[in-house]
Amino acid sequence: MAWPIGMALLLTLIFAGVPIAFAMTAVGLIGVVSIVGWHPALSMLGQVFFDSGRSYTLSVVPLFLLMGNLVVQSGVAGDLYAAANAWLRHRKGGLAMATIVACGGFSSVCGSSLATTATMARISLPAMRKYGYSDRLAASSIAAGGTLGILIPPSVILVIYGILTQQNIGKLFLAGVLPGLVGVVGYMIAVRLSLVVHREELETQPKLPLVERFQALRGVVWALALFVFVLGGIYLGVFTATEAAGMGAGGAFLLTFMRGRLTLRATLSTLFDTAKTTAVMFFILFGALYFLNYVNFSGLTSDLRSWINALGVGPYSVIFMIVLIYLVLGCLLESISMITLTVPILFPIVTGLGFDPIWFGIFVVIATELSFITPPIGMNVFVMRTVAPDIPLERIFAGIVPFVAMDVVRLGLLIALPAMALLIPNSM
Amino acid sequence: MTARSGQIAIRARRWLRLATAVLCGAFLVALTLVTVVDVIGRYLLSSPLPGAAEYTEILLMAIVFMGLPAVCLDDGHISVDLVTANLKGVAAHLQLNLARLLVAMVLGLVSWQLWKHGAQLESYNEVTVYLRAPLGPFAKATAIIAGLCAVITFFMAVLRLPKSDGGGV
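None of these values were measured; they are calculated from a predicted model.

### Quick look at helix α12 (residues 221-235) of chain A
Residues and elements named next belong to chain A.
Stage number 1. End to end, α12 covers 20 Å across 15 residues, agreeing with the expected 21 Å (1.5 Å per residue, within 8%).
Stage number 2. Within α12, burial applies to A223, L226, V230, L231, G233 and I234. Buried positions in α12, seen along its axis, are confined to an arc of 160 degrees and lie on one side of it. Every exposed residue of α12 that faces more than 90 degrees away from the buried side is listed here: W222 and V228.
Stage number 3. Packed against the buried residues of α12 are α4 (60-74), α5 (76-88), α10 (169-197) and α13 (241-258).

This is how it looks when you write it as structure tokens:
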């Protein structure tokens, strides 16, 4: 089966609502059978679903998921918001800026954008509404802030990228730190832009005395300590990313216990959710790995490469085209499927053009972040909807424009200044 | 489906969920402990946990496959509903259950091949390097769970069960 047919079949199944993992396995199987025959195709199935899963490095997935889910359970998000508020509430749009900062802080101990959005929405939306912020600004700042979850380490998406491309997950995490901070600053600028564009007049709160501001930080010290412990451990080479994940999960257990939230019922539910998400993600990975065999046999990558050569376009034109591909796909697919489908195909091309593999990981994540907040299926916007069903989708999407603009600027910065991502991992 | 068999199905589903939840939870806690004990042992007591990497690998697969039945019961696999979300009535039913049938078929194939893979590993007497844990029976266990999931998904399609909302532990 030639690859254009295989790709068309895969997209048809995916849009017909077949679970991504099984669509990839099924089409991969048909494709591999058509090229090498039944027997090897079937025995590869057993190998992919058993041998590639029984991998020490892959244990980062459940462990970082567990860490993030425990941090949600620990209720530290409320303290994070209170702390950010104490420092920002006297500024114009302070509550929205505090939302962004708190999202950034939460992302530093949680690797999922959806969890970050859902958690912060429950806390900061009522606060912003109370002080007369428009739903447009409040909801869009939460949805945008939530995207930081997958960039500021730990990050589930970076883990998946690292596994698919066999890159060092620790280095990927470190590379995400600076662009994540740039993201926080960019979104704070977007809040101010939004106030100007929509002529929103907001009352500011009186400034808190310095003592009280520092007191507000007490509730977040341990969460920040957990971040420093995990990332610092990776940076100093004290532990590998896999070990950092285990230590992070252990630390998150401790954090939840210290906050009195480690109850049996809630913890069992957190553990079960983590296991289910792990199973879902592993079957997508298995499907992607199996499908990758078909991609390799079918010569898709070399065809793409010879097209690029024939067109005679430079490396930056290729990167620009990839940005466009992600913008379009981001409107159609959900993040993990988008990454597992595109990265194995694009990675050899991009690195072949001389781009850094770690840099490309950050590039892919920022492009994915964009897809979380752009219509028609911005996942974070939908999560906002489940928390606040009374806000119409159009209002959130209307408010999101300045945030999307800042994302585009950040992507441009990353392309112009690769050091933004590579400075920290290269200093290891 | 009669009311009685419906009751039994619901009760079976609840027990299956609770049992897998407890097992998954225990495996995840164990997975965390293996790393913590290994790292702390290495740095503070200069004696890492022997075979830590192998415990990790086995626990990981155990979590993935123990989590799978609940995912199948919940229709919890990630799918794109951009097109299908607008389907109603018969079309929506048809879409959901055809998708389930395809999932069941793929899971059935995976189960069959995992079993064959396990038998092969057994015939080589394949064991892990440090712990000497036999891999064949372990692969066969994953095959059984995958097969069970194929059967669950198949019956959910045939009985045209409505989409579950997940519903906690």
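### Quick word on the pattern of salt bridges
Stage number 1. Summed over the entire model, instances satisfying the criterion amount to 13 salt bridges over all chains.
Stage number 2. Note that D74(B) and R17(B) form a salt bridge whose closest N and O atoms lie 2.7 Å from each other. One end of the pair, D74(B), is in the loop between α2 (52-73) and α3 (89-123); the other, R17(B), is in helix α1 (residues 3-44), with 57 residues separating them in the sequence. With respect to class, D74(B) is no different from R17(B); both count as buried.
Stage number 3. One salt bridge in this structure joins E122(B) and K140(B), with 2.8 Å as the shortest N-O distance. Taken as a pair, E122(B) in helix α3 and K140(B) in helix α4 (residues 135-158) lie far apart in primary sequence, 18 residues in all.
Stage number 4. Put simply, D273(A), K276(A), R17(B) and D74(B) are held in one network by salt bridges that share partners.

### Description of the side chain of S55(A)
Stage number 1. Residue placement: S55(A) occurs in the loop between α3 (38-51) and α4.
Stage number 2. One polar contact links S55(A) to T57(A), side chain to side chain, over a distance of 3.2 Å.
Stage number 3. Those residues within four positions of S55(A) in sequence are excluded, and the remaining contacts are E57(B) and L60(B).

Reading the values: rules and limits
- Residues numbered from 1 in each chain as written.
- Chains lettered and ligands numbered in written order.
- Predicted model: local features only at pLDDT ≥ 70, side-chain atom pairs only at ≥ 80, totals over all residues.
- Heavy atoms only, no water.
- Helix = DSSP H or I, 4+ residues; strand = E, 2+ residues; numbered from the N terminus.
- Expected span 1.5 Å × (residues − 1).
- Buried < 20%, exposed > 50% of the residue type's maximum accessible area, 1.4 Å probe, protein only.
- Arc of directions from axis to C-beta.
- Contact = heavy atoms within 4.5 Å.
- Salt bridge = Lys/Arg side-chain N within 4 Å of Asp/Glu carboxyl O.
- Polar contact = N/O pair within 3.5 Å; in protein donor to acceptor, adjacent residues only side chain to side chain.

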